Amino acid sequence: VKNQTAEANEPVARFLRRSKDFTRDGGGSIKPKAFMPHRGATSVFRILEMNDSDVVVLGELHVRSVDGLAPYGQARLLVSDITDVKLSLNCDNTPERHADIVDWPPDSEIPRQISIAQELAARARLILTR
Amino acid sequence: VSAPALVSTNMLPVAEDADRAVGEEASRSREYLREPSVQDRSIAIGQRERAAYVRLRDALLEASTEGWDGEGGLAAQELSFVRAKYFIQGLPSYFPIPDIDVSSQGHALLEWHFGPRAVLTVDVAPSGLLSYASLLGRNTSYGTESFSGGIPRIIVLALDRLLSSARL
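Just so you know, these numbers come straight off a predicted model, no measurement behind them.

**Here's the deal with the sheet that holds strand β3 (residues 118-124) of chain B**
Residues and elements named next belong to chain B. A sheet is described by the order of its strands in space; here five strands give the open sequence β1-β2-β3-β4-β5, paired in antiparallel fashion. Here the strands that pair on one side only, and so sit at the sheet edges, are β1 (99-102) and β5 (139-146). Adjacent strand axes in the sheet meet at a mean angle of 20°, parallel and antiparallel pairs treated alike. One ladder, built from eight bridges, connects strand β4 (residues 129-136) with β5; its direction is antiparallel. Bridge pairing in β5 links leucine 129 to serine 146.

Next comes the structure, spelled out in structure tokens:
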């Protein structure tokens, strides 16, 4: 994936570092905190044309959970989910396939940040790998 | 139970008492981290208060150093957690104790999560500023309120709506 601009129907994965990023209750869902920005960005990976096992390997290569193990799983979104809430994707490709969800409200506007993160979490699909 | 009654039920003492209490707690933050002793138990710490205490303590300890989340998150700020403790104590007792996490700014993050589209999140700043957002179906609301002794009515109403929807 070399394109600097992602298509609306392109999938991205947010790797889940903490067990508090999701709940297994009710069939499983993602907590809004999983999408909250750090210094104005939420780190994701573009996973176009990757099969599920390759995505797991991508996470193991680049993301460590807080317990030092592989990520707990992924929260998957489409790029259109991101643009629908007035955010955008900065495809820096560093490391390969990496991108940041950007254009968050500033840290002085925490309520808006939380509200957007709630919507992203509601739209995302949870895939657990451990 | 009508909303105004909810607000007045179990409300914290008047603002200045709460502020004084928070100040005293903050100055004893190390004490705050310790396990309740046998003596504490003898003064009837309720199950609810104990459960909240454990969740607050665990979150605070998990985020005790900068970068605790693997993404450069700031260490948890104890005063925020002291405020959060008083906030939870001030909730009507039939509201469930929230899940407790830590924001990337080190604030206590209280969350009632009944499903992807039934969630209320409250960020408690050390200053007492409450930043809240709720998602209920397609409806969103968010804003800020100050916490200086009583649970803001708008947050009680949001939680009440959330609980009502969860019971349906």
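**So, the packing of aromatic side chains**
With the rule as written, the count across this model stands at four aromatic pairs over all chains. Judged by centre distance (5.8 Å) and plane angle (55°), the rings of Phe22(A) and Tyr72(A) are tilted. With Phe22(A) in strand β2 (residues 22-23) and Tyr72(A) in the loop between α1 (52-62) and β5 (73-78), this pair connects stretches of sequence that are 50 residues apart. Residue Phe22(A) is classed as buried on the basis of its relative accessible area of 7%. On the basis of relative accessibility, which here comes to 13%, the residue Tyr72(A) falls in the buried class. Pairing Phe87(B) with Phe147(B) gives two aromatic rings, centres 5.6 Å apart and planes at 70°, and the pair type is edge-to-face. Residue Phe87(B) is found in helix α6 (residues 78-89), and its partner Phe147(B) is found in the loop between β5 and α7 (153-167); the two are separated by 60 residues along the sequence. Among the residues examined, Phe87(B) registers a relative accessible area of 0% and is labelled buried. When the ring centre of Tyr72(A) is taken as reference, the NZ or CZ atom of Arg130(A) above it lies at 3.9 Å. Taking the ring centre of Tyr86(B) as reference, the NZ or CZ of Lys85(B) above it sits at 5.7 Å.

**A closer look at the pattern of salt bridges**
All names here are of chain A. Scanning the model with the defined rule gives 16 salt bridges over all chains in all. Aspartate 67 is the salt-bridge partner of arginine 130, the closest N and O atoms lying 3.0 Å from each other. On the criterion of sequence distance, the pair formed by arginine 130 in the segment after β8 (125-128) and aspartate 67 in the loop between α1 and β5 is long-range, its members being 63 residues apart. Classification of arginine 130 as partly exposed rests on a relative accessible area of 33%. Linking glutamate 109 and arginine 112 is a salt bridge whose minimum nitrogen-to-oxygen distance equals 2.5 Å. By relative accessible area, glutamate 109 is classed as partly exposed at 28%.

The rules we used
- Residues numbered from 1 in each chain as written.
- Chains lettered and ligands numbered in written order.
- Predicted model: local features only at pLDDT ≥ 70, side-chain atom pairs only at ≥ 80, totals over all residues.
- Heavy atoms only, no water.
- Pairing = 2+ DSSP bridges.
- Helix = DSSP H or I, 4+ residues; strand = E, 2+ residues; numbered from the N terminus.
- Axes fitted to C-alpha atoms, helices over the stretch in contact; angles between N-to-C directions.
- Phe/Tyr/Trp six-rings, centres within 6.5 Å; stacked < 30°, edge-to-face > 60°.
- Buried < 20%, exposed > 50% of the residue type's maximum accessible area, 1.4 Å probe, protein only.
- Lys NZ or Arg CZ within 6 Å of the ring centre and 35° of its normal.
- Salt bridge = Lys/Arg side-chain N within 4 Å of Asp/Glu carboxyl O.

Note that every value here comes from positions in space, so none of it alone points to a role or purpose.
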